[in-house]
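What follows is each chain in one-letter form.
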Amino acid sequence: MLSAWNQDAGYGAIRPRGGGEEVFVGLAAFPTDGEGPRLDEPLSFEIVTARDGRKQAVNLKRLKAAPFSPALREATGVGRARVRRAQRKRRLGLAAGGAVLALVLVVGGIKLWPPGAKPGEVATAR
């Protein structure tokens, strides 16, 4: 099953159905049937060791997808909710970081800005 795919770079990872570690796969390993790689797509493949010693998948073949049961659809909904929560958390983290940055800039600007200074004057230490 295709578990990860980087569209821009043209490579990804395949997770064996029986478990085990993910294996590298390049775009050239896919069949030339006009369809691009799809996440969670069932595939059959061979594993070979490349020149650099890493394992990679070759000779990919697309398998027919099994029909989904209602239990799997429900699990997909739970996964979607988890993704939404993670996105919301990320947005809140970015907003909090922006607020802290704005506060630091305002406080720093107040301390650096000398009161009553005229344009062209240099602030002196008191």
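Residues numbered from 1 in each chain as written. Predicted model: local features only at pLDDT ≥ 70, side-chain atom pairs only at ≥ 80, totals over all residues. Heavy atoms only, no water.

Below, the discussion takes up the overall build of the protein chain. If you tally the helices and strands in the protein chain, you get one helix and five strands. Counting from the amino terminus, the protein chain carries its helices and strands in the arrangement β-β-β-β-β-α. Counting the 126 residues in the protein chain, one finds 15% classified as buried. Here the contacts in the protein chain between residues at least 6 apart in sequence split such that 39% fall between residues at least 24 apart. When the accessible area of the protein chain is evaluated, it comes to approximately 10,400 Å², of which 60% is carbon and sulfur surface. (Helix = DSSP H or I, 4+ residues; strand = E, 2+ residues; numbered from the N terminus. Buried < 20%, exposed > 50% of the residue type's maximum accessible area, 1.4 Å probe, protein only. Contact = heavy atoms within 4.5 Å. Areas by Shrake-Rupley, 256 points an atom, 1.4 Å probe, with all protein chains shown as cover.)

A word on the nonpolar core. Formed by Leu2, Trp5, Ile14, Val23, Val25, Ala29, Phe30, Leu43, Ala57 and Leu60, the largest nonpolar core amounts to 10 residues. Among the secondary structure elements, those contributing two or more residues to this core are strand 1 (2-6), strand 3 (23-26) and strand 5 (55-62). Setting aside residues up to four positions removed in sequence, Leu2 forms contacts with Ala13, Ile14, Val25, Phe30, Pro37, Arg38, Leu39, Asp40, Glu41 and Leu43. (Core = buried A, V, L, I, M, F, W, Y, C linked by side-chain atoms within 4.5 Å.)

Our next topic: the pairing of strand 2 (residues 11-14). Within a regular beta strand, the side chains point alternately toward one face of the sheet and then the other, so they alternate between its two faces. Strand direction decides the pairing type here: strand 1 and strand 2, joined by four bridges, are antiparallel. Across the sheet, Ala4 pairs through a bridge with Ala13, a residue of strand 2. Here strand 1 folds back onto strand 2, and the loop between the two strands holds four residues, one of which, Gly10, carries a positive phi near 80°. Here strand 2 pairs with strand 3 via four bridges, running antiparallel. Bridged to Ala13 within strand 3 is Phe24. (Pairing = 2+ DSSP bridges.)

Our focus in this paragraph is unusual backbone geometry. Of note, Asp40 is a non-glycine position whose phi angle comes to about 60°, a positive value. Checked against the element boundaries, Asp40 lands in the loop between strand 3 and strand 4 (43-49). Even without a glycine there, the phi angle at Asn59 is positive, about 55°. For Asn59, the location among the structural elements is in strand 5. Asn59 sits in the partly exposed class, given a relative accessible area of 42%.

On inspection of all chains with the given rule, the structure shows five salt bridges. The salt bridge involving Arg62 is made with Glu41; its shortest N-O contact spans 2.2 Å. Placement of Arg62 in strand 5 and of Glu41 in the loop between strand 3 and strand 4 is noted, with a sequence separation of 21 residues between them. Among the charged side chains, a salt-bridge network with shared partners connects Asp33, Glu35, Arg38, Glu41 and Arg62. (Salt bridge = Lys/Arg side-chain N within 4 Å of Asp/Glu carboxyl O.)

Applying the stated rule across the entire model yields two aromatic pairs. On the basis of an interplanar angle of 80° and a centroid distance of 5.4 Å, the ring pair of Trp5 and Phe30 is categorised as edge-to-face. Remark: Phe30 occurs in the loop between strand 3 and strand 4 and Trp5 occurs in strand 1; sequence separation between them is 25 residues. Side by side, Trp5 and Phe30 carry an identical accessibility label, which is buried. Above the ring of Phe24, the side-chain terminus of Arg54 is found at 5.0 Å from the ring centroid. (Phe/Tyr/Trp six-rings, centres within 6.5 Å; stacked < 30°, edge-to-face > 60°. Lys NZ or Arg CZ within 6 Å of the ring centre and 35° of its normal.)

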